Amino acid sequence: MKELYEFFMVEPSTLPEALRAARQGVQSAQMSIDLIRQTFNLMQKEPLSCMCRDCEAEFNASRPPGAFVVVVPMFPRKGSEGISCIICSDCMDRPDLAERVQDALREIWPGRIENIALHPVRMQ
Ligand SMILES: [Zn+2]
């Protein structure tokens, strides 16, 4: 069965809102928070592998990530998966960010991004 996905961009300023939605039992928010946590842990362990998924700028102490992008199932079920990546602050405001990130994710997560909902939701 095909799975439908949603695209969210979570900025540090909107993280508390996402955490609250997760605590209230919103499944897409819970998955998003889990993915952000995993990505954040990976960032701590392998800082060299952490680049902006759009422009490939590297992150370090003086250039922190601007936002996390998460792609999660619209209707999660057992075994559903999502993916997240980091975006730099320069790329956050690109009008075509959703398309660009989807192109980048398609390479590392083939066959799934085709089913994404093309209405990026910016949590604010
Ligand atoms: Zn960037």
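From a predicted model like this one, the values you see are computed outputs, not experimental measurements.

K.L.:
So, the pairing of strand 2 (residues 67-73): which residues are in play, and what are the values?
P.N.:
Among the seven residues that make up strand 2, six are buried, leaving the element largely enclosed by the rest of the structure. Pairing of strand 1 (residues 5-10) with strand 2, which is carried by six bridges, proceeds in the antiparallel orientation. Considered in strand 2, the bridge of methionine 9 is made with valine 69. Across five bridges, strand 2 lies against strand 3 (residues 83-87) in antiparallel orientation. In the sheet register, phenylalanine 68 faces strand 3, and the bridge partner there is isoleucine 86.

K.L.:
Help me get a handle on helix 2 (residues 27-45), residues and values and all.
P.N.:
Compared with an ideal rise of 1.5 Å per residue, which puts 19 residues at 27 Å, helix 2 spans 27 Å between its outermost C-alpha atoms and is within 8% of the ideal. Residues of helix 2 that are buried include every one of Ser28, Ala29, Met31, Ser32, Ile33, Leu35 and Ile36, and no others. Against the buried residues of helix 2 lie strand 1, helix 1 (15-23), strand 2 and strand 3.

K.L.:
Residue-level account of the nonpolar core, with values.
P.N.:
If you look at the biggest cluster of nonpolar residues, it comprises 26 residues, and the most contacted ones within it are Val10, Phe68, Val69, Val70 and Ile87. Secondary structure elements with two or more residues in this core: strand 1, helix 2, strand 2, strand 3 and helix 3 (97-108). Examining the composition of this core, we find that six residues originate from one element, strand 2, more than from any other.

K.L.:
Which residues make up the confidence of the model for the protein chain, and what are the values?
P.N.:
Averaged over every residue, the pLDDT of the protein chain is 80; residues scoring 70 or more account for 85%. Mean pLDDT values for the elements of the protein chain range from 46 in strand 4 (residues 121-122) up to 93 in helix 1. When the criterion is pLDDT under 50, residues 118-124 qualifies, and its contacts beyond four places in sequence or with other chains add up to 13 contacts.

K.L.:
Lay out helix 3 in plain terms, naming residues and giving numbers.
P.N.:
Across its 12 residues, helix 3 extends 17 Å between first and last C-alpha, which sits within 8% of the 16 Å expected from 1.5 Å per residue. Among all positions of helix 3, only Leu97, Val101 and Leu105 are buried. Angular distribution of buried residues about the axis of helix 3 spans 55°; they occupy a single face of the element. For helix 3, the elements touching its buried residues are strand 2 and strand 3.

K.L.:
I'd like a rundown of the packing of helix 1 against helix 2, residues and numbers included.
P.N.:
Think of two packed helices as two axes; the pair is described by the angle between the axes and how far apart they sit. One can describe the packing of helix 1 onto helix 2 by two numbers: an axis separation of 7 Å at closest approach and a directional angle of 125°. Of the possible angle classes, the one that applies to helix 1 and helix 2 is oblique. For the crossing formed where helix 1 meets helix 2, the hand is left-handed. For the pair helix 1 and helix 2, the contacting residues are Ala18, Leu19, Ala21 and Ala22 in the first and Ala29, Gln30, Ser32 and Ile33 in the second. Residue composition of the contact of helix 1 with helix 2, grouped by class: six nonpolar, two polar and no charged.

K.L.:
Talk me through the environment of methionine 51; I want residue IDs and the actual numbers.
P.N.:
For methionine 51, the position within the fold is in the loop between helix 2 and strand 2. As for methionine 51 and proline 65, which are separated by 14 residues in sequence, their C-alpha atoms are 8.7 Å apart. Setting aside its immediate chain neighbours within four residues, methionine 51 contacts Glu56, Ala57 and Glu58.

About the cut-offs
Residues numbered from 1 in each chain as written. Predicted model: local features only at pLDDT ≥ 70, side-chain atom pairs only at ≥ 80, totals over all residues. Buried ≥ 20, exposed ≤ 12 C-beta atoms within 10 Å, placed from the backbone. Helix = DSSP H or I, 4+ residues; strand = E, 2+ residues; numbered from the N terminus. Pairing = 2+ DSSP bridges. Expected span 1.5 Å × (residues − 1). Contact = placed C-beta atoms within 7 Å. Core = buried A, V, L, I, M, F, W, Y, C linked by C-beta atoms within 7 Å. pLDDT = per-residue confidence, 0-100. Arc of directions from axis to C-beta. Axes fitted to C-alpha atoms, helices over the stretch in contact; angles between N-to-C directions. Parallel < 35°, antiparallel > 145°, perpendicular 65-115°, else oblique. Left-handed = near helix turned anticlockwise from the far one by under 90°. Nonpolar A, V, L, I, M, F, W, Y, C, P; charged D, E, K, R; others polar.

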